[in-house]
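Structural features, examined
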Amino acid sequence: MTATPDMASPSAEAMAGWPAAADLRDAAGRWRAWLEDEKRVSPHTLRAYLGDVGRFVGFLSDHLGRPPGLNDLSAAALADLRAFQSRRAAGGAGAATRARGLSGVRNFLTHLDRIGVLHNAAIGSLRNPKLPKRLPRPLAVADALAAVDTVATLSDEEWIGQRDRALLFLLYGCGLRLGEALGLTRREAPAGDTLVVTGKGRKQRMVPVLPAVREAVDAYIAACPFPLPAGGPLFLGARGGPLNPAVAERQMRQLRVVLGLPESATPHALRHSFATHLLAGGGDLRTIQELLGHAALSTTQRYTGVDAERLMTVYADAHPRARRTGG
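One structure accompanies this document, and this report is about it. What you see is a predicted model; the values in this text were computed from it and never measured. (Residues numbered from 1 in each chain as written. Predicted model: local features only at pLDDT ≥ 70, side-chain atom pairs only at ≥ 80, totals over all residues. Heavy atoms only, no water.)

1. With respect to the packing of helix 3 (residues 43-64) against helix 5 (residues 78-90)
Look at helix 3 against helix 5: their axes get within 11 Å of each other, and the N-to-C directions meet at 110°. For the element pair helix 3 / helix 5, the angle class is roughly perpendicular. Contacts between helix 3 and helix 5 involve Asp52, Arg55, Phe56, Phe59, Asp62 and His63 on the former and, on the latter, Asp80, Leu81, Ala83, Phe84, Arg87 and Arg88. (Axes fitted to C-alpha atoms, helices over the stretch in contact; angles between N-to-C directions. Helix = DSSP H or I, 4+ residues; strand = E, 2+ residues; numbered from the N terminus. Parallel < 35°, antiparallel > 145°, perpendicular 65-115°, else oblique. Contact = heavy atoms within 4.5 Å.)

This is the structure:
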């Protein structure tokens, strides 16, 4: 008997709205379970992938005039895939959005091919939209330090200020993603010179912990008025539940106003700052790649562009020849 996906989950509820034939819906449910149970993708990635495929299924339904099945997915030609991308572009989806959307469809079709359900010959020939090269936008050293030191003053409750300072310190001092920091349990709080972090794809990495970072986390733990069981979340919200990432994003927005920081000053910008400042201080790319948990070195190499851009700015501001005008 075919297993039925748990329709109580948000991802399954999203699939319930697909205009798809039963065989496609069943295959999609199995793919969803594979992503959750075997690949262990993040909830954000899962929702994005399901949304991507759901939009493609909806496009095929409109194109065919009926709910598509697996045979229709197999028969989808390169022209169909391009038409889908064109419709998204006409609807206002930018190149980055369309590229991400295509990754979900490609993942689904590739998985079905791998397990012998269908083969689509066109998906491998479709190129991703050309993306503009965007460099990470780190904060200056002084601004990053000011953000960490000032965030504690934004709250009327001392323990919340200590919490926010500890959280931002982990982002800047250890290069953590916001989700990685909020995913730490009390047991995983830094107690020594290193911290084990679970990143994307459930991959673990070890990062060094500066004494100042550890002291900030210890101060928060000591001040927290709620119990912090070993297996529970390290960072708690004002009512004692897991801290919502929107709180950290809101605090960074306040810091932009208080400190006059640029719009690019987000929690993730502190991670960018960690990498850029290490590189400027002489860190090598391979080490920074390991610390950030990047699967590919090419991702880390973006920071060399940031550093080169900074050096050119310093040169233009400081070099006598660069300051001269008129040749």
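2. Thoughts on the pattern of salt bridges
Applying the stated rule across the entire model yields 11 salt bridges. The salt bridge involving Asp26 is made with Arg30; its shortest N-O contact spans 3.2 Å. Placement of the pair is Asp26 and Arg30 together in helix 2 (residues 22-39), with a separation of 4 residues, close to one helical turn. Looking at Asp26, the relative accessible area reads 24%, which means it is partly exposed. The class for Arg30 is partly exposed, based on a relative accessible area of 45%. The salt bridge partner of Asp72 is Arg66, with a shortest N-O separation of 2.8 Å. (Salt bridge = Lys/Arg side-chain N within 4 Å of Asp/Glu carboxyl O. Buried < 20%, exposed > 50% of the residue type's maximum accessible area, 1.4 Å probe, protein only.)

3. Considering the pairing of strand 2 (residues 204-208)
Working note: regular strand, side chains alternate between the two faces of the sheet. Judged by which residues are buried, strand 2 turns out to be one-sided: Arg205 and Val207 face inward and are buried, whereas Gln204, Met206 and Pro208, on the alternate face, are not. Connecting strand 1 (residues 194-198) to the next strand, strand 2, in antiparallel fashion are 5 residues, including Gly201 with a positive phi near 65°. (Pairing = 2+ DSSP bridges.)

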